[in-house]
Amino acid sequence: MKKVAVIQDLSSFGKCSLTAAIPVLSVMGVQACPLPTAVLSSQTEYPSYFCEDLTRIIPAFTNEWKKLDVSFDGIQTGYITGKEEIHHILDFLEHFHTSETLLLVDPVLGDKGKAYDNFDAELLKQMKVLVAQADIITPNITECCLLTGYDYDTLHSCTSEEDYLNIVEEAGKQLQNATGAEIIITGVHPPSKDHSVGNLYISENETYYSSVPYNGKSYSGTGDLFASVLMGGRMRGMKTEQAIQLAEEFLVAAIEDTALQNTPMVAGVNFETYLRMLL
Ligand code: PXL
């Protein structure tokens, strides 16, 4: 069975990071091996939360896993508590990221034009070092802007869909050139297109844009679910484009269901009901 090391936090509310990655990978027939980087009472967009940073345990896990002589088919990273954590992840990768291992880095830094609580210039600098090692990178628009220096507000002053998509593609190509990775920019939402949201795939030789209906809401954890379906799909031998399509179908179903219940966006989506779509 394929094994994926998931280096992420465990947040009790918000349906993100490990609580999203483990069920998705499991239902797709992949063993998820969690390396918990922090435990939180809820994800950080809730007005109040408790966070115990577990950065210090990463070297201990790394050492123990070396002793077990295990190897991974995939390694997935997501939300990062701070720059210290990235140093330890880089040490982990030095041993476990081989030519046989697919490294997916979701550069979780912010959303809707706003950086998360954990963000600072040093975290951004270290995140650039981490993405340079990745095989797949899945930034949302905010994260793509932060990683490439494009200005989020200027981008969102574009009035034509074509201009908007051209700039996003330019930023994505810049990230692709800098890292050599496959890039999937998620949550692409041209200001003139109220009812659609898309994903832009950029590899060395291909660019591909797909979009799905959009209800204007941005729920917690959807980026984490997207990345996990992508990893699960690739572990199953799917092409990235196929895995993107599966992730889109899964998320559309979960988001539609959630919107009917007026769930707050910080609480995440009802993905559990739709895990069977990934079987
Ligand atoms: O979904 C990204 C994420 C993961 N983990 C924590 C978060 C967030 C986004 O805010 O706060 C703890």
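Keep in mind that what you see is a predicted model, and the values were worked out from it rather than measured.

Student: Describe the pairing of strand β11 (residues 207-213), listing the residues and the values that go with them.
Tutor: Pairing analysis gives 7 bridges linking strand β10 (residues 196-202) to β11, with the strands arranged antiparallel. Each residue of the ladder has a partner; that of I202, found in β11, is T207. In this structure, the hairpin formed by β10 and β11 is closed by a connection of 4 residues.

Student: Describe the packing of helix α5 (residues 141-148) against helix α7 (residues 161-179), with residues and values.
Tutor: Packed helices, taken two at a time, are described by the angle their axes make and the gap between the axes. Their axes nearest at 10 Å, the elements α5 and α7 cross at an angle of 55°. The angle between the axes of α5 and α7 places the two elements in the oblique class. Where α5 crosses over α7, the handedness of that crossing is left-handed. Where α5 abuts α7, its residues I141, C144, L147 and T148 lie against Y164, V168, A171, G172, Q174 and L175. Residue classes in the contact of α5 with α7 are distributed as 7 nonpolar, 3 polar and no charged.

Student: Explain the site of the ligand to me, using residue names and the numbers behind them.
Tutor: Neighbouring the ligand are D9, S11, C16, S17, L40, Q43, T44, E45, Y79, V108, Y116 and D224. At a separation of 3.0 Å, a nitrogen atom of the ligand approaches a polar side-chain atom of D9. Within the side chain of D224, one N or O atom sits 2.9 Å away from an oxygen atom of the ligand. In the complex, the protein chains occlude 96% of the 320 Å² of accessible area that the ligand would expose alone. Cavity membership is defined here by more than half of the atoms lying within 2 Å of grid points; on that basis the ligand lies in the largest pocket. When grouped by side-chain class, the residues that make up the shell around the ligand number 5 nonpolar, 4 polar and 3 charged.

Student: Now, about the packing of aromatic side chains: what can you tell me, with residues and values included?
Tutor: Considering all chains together, one arrives at 6 aromatic pairs under this definition. Ring geometry for W65 and F72: centres 5.4 Å apart, planes at 55°, overall tilted.

Student: Pulling in residues and values, what's your account of the nonpolar core?
Tutor: Core analysis: the largest hydrophobic core is formed by 42 residues, its most contacted members being I75, F92, M127 and L130. Considering every element that reaches this core, the biggest residue donor is helix α3 (residues 83-96), with 6 residues. In contact with L130, other than residues within four places in its own chain, are T77, I80, I86, I89, L90, L93 and V105. Of all hydrophobic cores here, the second largest spans 37 residues; its members include V24, V229, M238 and Y274.

Student: Which residues make up the pattern of salt bridges, and what values go with them?
Tutor: Summed over the entire model, instances satisfying the criterion amount to 4 salt bridges. Among the salt bridges present, the one from E64 reaches K67, with a minimum N-O distance of 3.1 Å. One end of the pair, E64, and the other, K67, are both in helix α2 (residues 57-68), 3 residues apart, so they sit about a helical turn from each other. Looking at E64, the relative accessible area reads 42%, which means it is partly exposed. Where E169 meets K173, a salt bridge forms, and the shortest distance between an N and an O atom there is 2.9 Å. Here E169 pairs with K173, and both are found in helix α7, just 4 residues apart, close to one helical turn. Given a relative accessible area of 24%, E169 falls into the partly exposed group.

Reading the values: rules and limits
In this convention, every chain numbers its residues from 1, walking through the sequence in written order. Given that the model is predicted, a residue must reach a pLDDT of at least 70 before its local features are reported, and side-chain atom pairs must reach 80 or more before they are shown or counted; all residues, however, enter totals for whole chains, interfaces and linings. Water and hydrogen atoms were dropped before computing side-chain values, which therefore reflect all heavy atoms in the structure. At least two DSSP bridges between two strands are required for those strands to pair. Every helix listed is a DSSP run of H or I at least four residues long, and every strand listed is a run of E at least two residues long, numbered separately from the N terminus. Between the N-to-C directions of two axes lies an angle of 0 to 180 degrees, each axis being a line fitted to C-alpha atoms and, for a helix, fitted only over the stretch in contact. Roughly parallel refers to an angle under 35 degrees, roughly antiparallel to one over 145, roughly perpendicular to one between 65 and 115, and oblique to any angle outside these ranges. For a crossing to be left-handed, the near helix must be turned anticlockwise from the far one by less than a right angle; the clockwise case is right-handed. By definition, residues are in contact when any of their heavy atoms lie within 4.5 Å. Put simply, Ala, Val, Leu, Ile, Met, Phe, Trp, Tyr, Cys and Pro go in the nonpolar bin, Asp, Glu, Lys and Arg in the charged bin, and everything else, Gly too, in the polar bin. Here a residue is near a molecule or strand as soon as one of its heavy atoms is found within 4 Å of it. Distance and chemistry together define a polar contact, namely a pair of N or O atoms within 3.5 Å, with one atom able to donate a hydrogen and the other to accept it when in protein, and with adjacent residues in sequence counting only for side-chain atoms on both sides. The Shrake-Rupley method, run with a 1.4 Å probe, gives the accessible areas here. Residue values count only the displayed protein chains as cover. In this analysis a 1.4 Å probe is tested at points of a 1 Å grid over the protein atoms alone, and where it fits but cannot get out there is a cavity; an open set with protein on both sides within 12 Å along at least five of seven lines is a pocket; lining residues have an atom within 4 Å of a point. Whether a molecule sits in a cavity or pocket is decided by its atoms, more than half of which must lie within 2 Å of the grid points. Centres within 6.5 Å are what make two rings of Phe, Tyr or Trp a pair, Trp counting through its six-membered ring; a difference in plane orientation under 30 degrees is then read as stacked, over 60 as edge-to-face, and the rest as tilted. Here, nonpolar core refers to any group of buried Ala, Val, Leu, Ile, Met, Phe, Trp, Tyr and Cys residues whose side-chain atoms link them within 4.5 Å. Throughout, exposure labels follow a simple rule: accessible area from a 1.4 Å probe, protein chains only, divided by the maximum for the residue type, with under 20% read as buried, over 50% as exposed, and the rest as partly exposed. Take a side-chain nitrogen of Lys or Arg and a carboxyl oxygen of Asp or Glu: if they are within 4 Å of each other, that pair is a salt bridge.

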